[in-house]
Structure formats: C-alpha cells, structure tokens
Amino acid sequence: MENGYAIIKHGKWKGRIKMEFACDEHIEVAMDVVVDEYEAAPIIEKLNEADQLSTTCSYCKKPAVYSITK
Ligand SMILES: [Zn+2]
C-alpha cells in the first residue's frame with residue numbers, strides 16, 4: 001500500500017497534513033494504514049464535491065470521498 005503515500009508526497013497535497021484519500025470501498029483500508037503507520041487515531045473527513053472530483057482514492061482510480069488526517 002505504499003503507492004498512496006507516493007501519490008500524496010509528490011502530488012498537489014504535498015506539504016499538507018492530509019495523508020490518505022479513500023473512496024467508499026477503501027476507507028477502512030486507509031484507516032488501517034494510518035493507524036499502523038502512525039499509531040495515531042485518524043481523523044476522517046468527507047471531502048466536498050469539488051475536492052472529490054479532483055482527488056483520487058489512494059487505493060484505486062475512483063474519486064476520493066474521504067480524507068484521512070493524522
Ligand atoms: Zn478506492
């Protein structure tokens with residue numbers, strides 16, 4: 001699951017604290033990754049419609065619905 005980090009590190013969210021993006025299918029996977037990697041309870045936020053359209057899930061090619069922040 002490293003590709004999620006690569007996308008964010010080199011993408012438009014660089015420098016922000018949002019770490020993962022997930023669609024409805026992958027939100028649980030993303031939460032598990034954050035908890036495992038950072039040992040922190042993740043903060044889940046639903047993206048607004050504009051952000052959903054411009055952001056891709058870290059685990060598939062679908063539009064992201066949620067952001068996961070440390
Ligand atoms: Zn997905």
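Since we're looking at a predicted model, the values are computed, not measured.

## Things to note about the overall build of the chain
- Scanning the chain from terminus to terminus reveals three helices and three strands.
- For the chain, the sequential pattern of α-helices and β-strands runs α-β-α-β-α-β.
- Summarising the internal contacts of the chain: among those between residues at least 6 apart in sequence, 64% fall at separations of at least 24.

## Regarding the confidence of the model for the chain
- Averaged over every residue, the pLDDT of the chain is 79; residues scoring 70 or more account for 74%.
- Taken element by element, the chain is modelled with least confidence in helix α1 (residues 3-10), mean pLDDT 48, and with most confidence in helix α3 (residues 49-54), mean pLDDT 92.

## Here we look at the environment of Ala30
- By the secondary structure assignment, Ala30 is in helix α2 (residues 27-38).
- Here Ala30 is in contact with Glu20, Ala22, Ser58, Tyr59 and Ile68, once residues within four sequence places are set aside.

## Some points on the nonpolar core
- Of all hydrophobic cores here, the largest spans 13 residues; its most connected members are Ala22, Ala30, Val34, Cys57, Ala64, Tyr66 and Ile68.
- Broken down by secondary-structure element, the contributors of at least two residues to this core are β1 (18-22), α2 and β3 (66-69).
- Counting residues per element, this core draws most heavily on α2, which supplies four residues.
- Apart from the residues within four sequence positions on either side, Ala22 is in contact with Ile27, Ala30, Cys57, Ser58, Tyr59, Ala64, Val65, Tyr66 and Ile68.

## A look at α2
- Taking 1.5 Å per residue, 12 residues should reach 16 Å; α2 reaches 16 Å between its end C-alpha atoms and fits that length.
- Residues of α2 that are buried include every one of Ile27, Ala30, Val33 and Val34, and no others. All buried residues of α2 fall inside an arc of 120 degrees around its axis, so they share one side. For α2, exposure combined with an orientation more than 90 degrees from the buried face picks out Glu28, Asp32 and Asp36.

## Quick look at the environment of Glu45
- With respect to the helices, strands and loops of the structure, Glu45 is situated in strand β2 (residues 43-46).
- Here Glu45 falls in the exposed class, since 12 other C-beta atoms lie within 10 Å of it.
- Sequence separation of Glu45 and Tyr66 is 21 residues, and the distance between their C-alpha atoms is 5.5 Å.
- In contact with Glu45, other than residues within four places in its own chain, are Tyr66, Ser67 and Thr69.

About the cut-offs
- Residues numbered from 1 in each chain as written.
- Predicted model: local features only at pLDDT ≥ 70, side-chain atom pairs only at ≥ 80, totals over all residues.
- Helix = DSSP H or I, 4+ residues; strand = E, 2+ residues; numbered from the N terminus.
- Contact = placed C-beta atoms within 7 Å.
- pLDDT = per-residue confidence, 0-100.
- Core = buried A, V, L, I, M, F, W, Y, C linked by C-beta atoms within 7 Å.
- Buried ≥ 20, exposed ≤ 12 C-beta atoms within 10 Å, placed from the backbone.
- Expected span 1.5 Å × (residues − 1).
- Arc of directions from axis to C-beta.

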